[in-house]
Each structure stands twice: as structure tokens, then as C-alpha cells.
Amino acid sequence: MSSAPQTALPPIGSDLFDVGGGSLLGGRCRDCGALRFPHRGFCGACQGTGIDRAPLSRQGRIYTFTIVRHPPPGYRGQAPYAIGYVELAEGLRVMTTITAEDLESLQIGDLVAFDWLVLGEGEQARLSWCYRRLEASG
Amino acid sequence: MSDIVVEGVGMHPFGRFGAKPAIEMACEAILEALHDACIEWREIEAIYCAHMYAGTGAGQRICAILGQTGIPVINVENACSSGGAAAILARQALASGEHATVLAVGLEKMPRGFMDMDYFEPWRQHIGHAVNPAQFAFASRRLMHEQGITERHLALVAEKNHAHSVHNDKAMYRKRFTVDEILASPMIVDPLRLLMLCAPNEGAAAAVLRRRAARPGDVRLIGHGLKTATRDQPLGEHMPTDSPLRSDQPSVTRRAADQAFARAAIGPQDLDVVEMQDTDSGTELINMTELGLCERGAAATMLESGATRLGGRLPVNPSGGLLSKGEPVGASGLGQIYEVVNQLRDRCGQRQVPGARLGLTQALGAGGNCSVLVFERC
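Residues numbered from 1 in each chain as written. Chains lettered and ligands numbered in written order. Predicted model: local features only at pLDDT ≥ 70, side-chain atom pairs only at ≥ 80, totals over all residues. Heavy atoms only, no water.

Here's the deal with the packing of aromatic side chains
Now for step 1: Inspection of the entire model under this criterion finds nine aromatic pairs over all chains.
Now for step 2: Their ring planes at 75° and their centres at 5.1 Å tell us that Tyr85 of chain A and Phe138 of chain B sit as a pair that is edge-to-face. On the criterion of chain membership, the pair formed by Tyr85 of chain A in strand β6 (residues 81–88) and Phe138 of chain B in helix α5 (residues 132–147) is interchain, its members lying in two chains.
Now for step 3: By relative accessible area, which is 1% here, Phe138 of chain B ends up buried.
Now for step 4: Judged by centre distance (5.6 Å) and plane angle (85°), the rings of Tyr119 of chain B and Phe120 of chain B are edge-to-face.
Now for step 5: Classification of Tyr119 of chain B by relative accessible area gives partly exposed; the value is 42%.
Now for step 6: The ring centre of Tyr63 of chain A lies 3.8 Å from the NZ or CZ of Arg142 of chain B, which sits over that ring. (Phe/Tyr/Trp six-rings, centres within 6.5 Å; stacked < 30°, edge-to-face > 60°. Helix = DSSP H or I, 4+ residues; strand = E, 2+ residues; numbered from the N terminus. Buried < 20%, exposed > 50% of the residue type's maximum accessible area, 1.4 Å probe, protein only. Lys NZ or Arg CZ within 6 Å of the ring centre and 35° of its normal.)

Some words on the confidence of the model for chain B
Now for step 1: When pLDDT is averaged along chain B, the result is 95; 99% of the residues meet or exceed 70.
Now for step 2: Quick note on the complex model: pTM equals 0.95, ipTM equals 0.93. (pLDDT = per-residue confidence, 0-100.)

Description of the pattern of salt bridges
Residues and elements named next belong to chain B.
Now for step 1: Overall, the coordinates contain 32 salt bridges over all chains when judged by the stated rule.
Now for step 2: With a closest N to O distance of 3.6 Å, Glu151 and Arg193 form a salt bridge. Of the two residues, Glu151 is situated in helix α6 (residues 151–165) and Arg193 in strand β6 (residues 192–193); the sequence distance between them amounts to 42 residues.
Now for step 3: Here Arg193 falls in the buried class, since its relative accessible area comes to 17%.
Now for step 4: Between Arg357 and Glu376 there is a salt bridge; the shortest N-O distance is 3.0 Å. Taken together, the residues span a long stretch of sequence, with Arg357 in the loop between α12 (329–344) and β11 (358–365) and Glu376 in strand β12 (residues 369–377) at a distance of 19 residues.
Now for step 5: By relative accessible area, Arg357 is classed as partly exposed at 37%.
Now for step 6: Residues joined in a network through salt bridges with shared partners are Glu7, Glu43, Arg210, Arg212 and Asp218. (Salt bridge = Lys/Arg side-chain N within 4 Å of Asp/Glu carboxyl O.)

The structure is reproduced here in C-alpha cells:
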């Protein structure tokens, strides 16, 4: 894995990223304003079908997290790794990979910032993302 | 007035059974339930068959072995809550007048290790997000953050349920572990360690339900609730990949329990015994609150008081729970019913809750689907 920007790689899933702006891409309902990640063709609040793509905040705070000690079925990265929910200013929590120099020191409330993550190597390499811990909270 | 009477229950042990097919385990559980109910296979008018992994037409394959009587067979998949959902469908068939005697059966044979969670999109698996115990860990960490729950409390739940299991010959693990042994077991998904998590495994359980007037000593199903999570409830087993910051609406367990209690015309304070979804230690503590067994913030105190232990005021998971039995997901909900019905019939030997008259089961699965059932001995 590498955190270097390799945005030319095929993305891990479709419609997940604003590659140019370097952020996740959510979907905001044109009718009721509800925001979700990832972007889907339907609004889960009003069942509208007009959903605009909306880049999500590049910074947030850890709401909760865990460190997965063993690789689960289908996982293309290495264990241990951290995943959790990050709270974003626009009122959304998203499930995300979380990286830090020392995973063991992660805490609820830590400030994190969007970063690219590459999973797999060679032809199998895919562009994914994480939120990287910036500093430990108080 | 007619009642929904649990006429008989059966259970194939939960564990690992080599090459034995799940269908065969289901047949054994069914025969035990029929024997218990003193009825014949041909008297069953409809079958509700719960499973996740058994493939096409599991219920029909059971009939191909036990006898093709031509009755309606419906297969039910509701993740870890499949068994509860099958029992509720069986109940509806009786209550509607469509049938008088029906069977709910659950069966499963699962691979070892982390479940292959196809609930999530494939790319979530590729990036390592499709890990169901991670969801339990998320909720446990919030519990520790908000309510002062410690690792020791998480270990104490596992210690209690494993202590109960030594009296249950149908549990996968029948061994006591000390709190220190549990705290020394390998970390799997922080803060949850190996002995704080249930194992996916194999097994089957069945119940025969009948519509008739209950007689003294009969066990009746008096309340049921089945709900699905809403987007604005707290994080939990519904496994959202995103959620709003404002997530303070009642949980799916709270809503299903409220419905079941209202229908049963009792409250949580009236219960004598509970079998609940202890997928992991943290989930048992959360469920204690969400089922109304204690006030918010009081789960640790209730646990420490010994109230939920055999011999306490309200034993929780006297069977050893999923932590000891393992969780064959299609069968686990009916395994809970097997335990509670036997508790109410005073047939549980050394793990018997003396004089138990009112019991509750709760199963909770992916997608946030929860089934709660309340049983009463007449």
C-alpha cells in the first residue's frame, strides 16, 4: 500500500471520488437536500431520483473506530488496519479506512484528513481512499 | 379464545459436525420437536424455513427427506434474525386462521472465520470494510466512550455466558473462562477479543406452533415484534455505511421490544428469563438497555450485581448464549426459542431458572432487522 497520489489508477468502485478536488463524492437530493455517501440514483429520504454529485469535506473527526487484526474475505490490503466512522461538517458520518503512523494511538475525536490509498499492485492496483489522522486530540 | 401454543421444540447441537449436511441437522431437530409435540409429520400444515447459507429450496429439501406432504414451504432469510422472522411468519399463519399447526425451523452450516459479508457491495470487501464484527466493535467503543464501560465489563459478559454454558450439552463451547483469561485472548477487532465474540458455526432448531386454547402448563407466544432500523438510530448491527450526525431515534431493538411488550401486555420488569443476541459482549450490554432490562447507563452496574447471571434476578442467556453456543445464523433465533420454552417448562436441569413463567427472545441481524418474542407459561 502507498498513500502517494496515483489518481490515474482505476478506482476501487465507481462514482466514489472527486478525483480533481481530492475528496469523496456524495449525492445530494435536488428535492429535499438529503446527503448520502456514496452517490446513488435514489434519495432515501424522499425517494427522489434527481441526485446531484456533492464533494464531501476533506477533514473530519473520528466518531468511532476499530483495528481489524486479521484480513477478512476479499480484502486486498494488509492487516492490521483501522476502519471507523468519520464525522464531516456537512452532517454526515461515513465509514472509512483510517490511517495513522501509530494505529494503536488512535482515539475518538482525532482530527483526520482525506488521502488517497492504493490497494493491490501492478495491474491489480486500484485507487481507494482513507482519512489520515492529523493530530491526537487532547 | 384461541392461543398460539408452542407445542414442541427441538434442537440439533450447535458446533462443528464434519461433513454432516445442515439439512440432516434440521431433520433431527424437527423430529425432536414433533416428538415433543406428540404429533406426526403429516399433521404439519405449513413450514417456515430460516437459513442464509443452505442454498436453493432448503425447506423443500427437508421435505424431500422427511416426506413430501405437499404443504406450503417458505424459506426465510433475515440474516442473524432469520429464525425469529420464521417464527413470526408461522405465528401470522396461525393468527390469520390460514393454518392450525405449523413448523418453524432454522438451519445453518457456515465456514470458519469472518463471515463473507455479501451484505456490502464487493468494493467494500476489497477495501476491508465488510467485516461484521467491526460493526460490533464500533458500537462497543462508543459504549465505552459514553457510558464508562470498561474492557473488564466486556470480559465479564463473556465470563458469565461461558459459565452458563457448562450446563448446556448442546453448546459448542462448554468451558469456564476467567475474566483474566478472556482479557488475555487475542484482540480481533478492538476492543473485542476472541472470547468476547461468537463463532459462526453449524446447527439447527425447530418449533411446532399450534392455534388452540392453552391449558395450564402450556407455553404460549403472547407477544412479537419485528422491526428494521431507521437511518437516524444509533450505530449498531444495521451496518450503515453512512449515517446522519443526528442519530438519537430509538434503536430497532427498542422498537421491536416495545411492540412485543405492548402485545404481551407486560413490561421488561415482569420477565424471568431472557435469551438475547450476544453476538459479542458489547451487544449484550447494549441490548440490556434497549430491551428495557435496565436504565440507560446502568448496564454495567446490573451486570456487576450478578442480576443477569444464573441465580440472579433476571438471568440473561442461561443457555450460554451465542458466545458459547456459536451462531449458526439461520438457526440461532429458534435456538433461543428452544431454550426459553424449555426454561418455562422447567426442563433445563442445572441451568434452570427456578419458577420461570415469562421469557423473551431477541435476535438482531444485518440490515438492522430485529425480532423479539415473548412467551408465557400458563
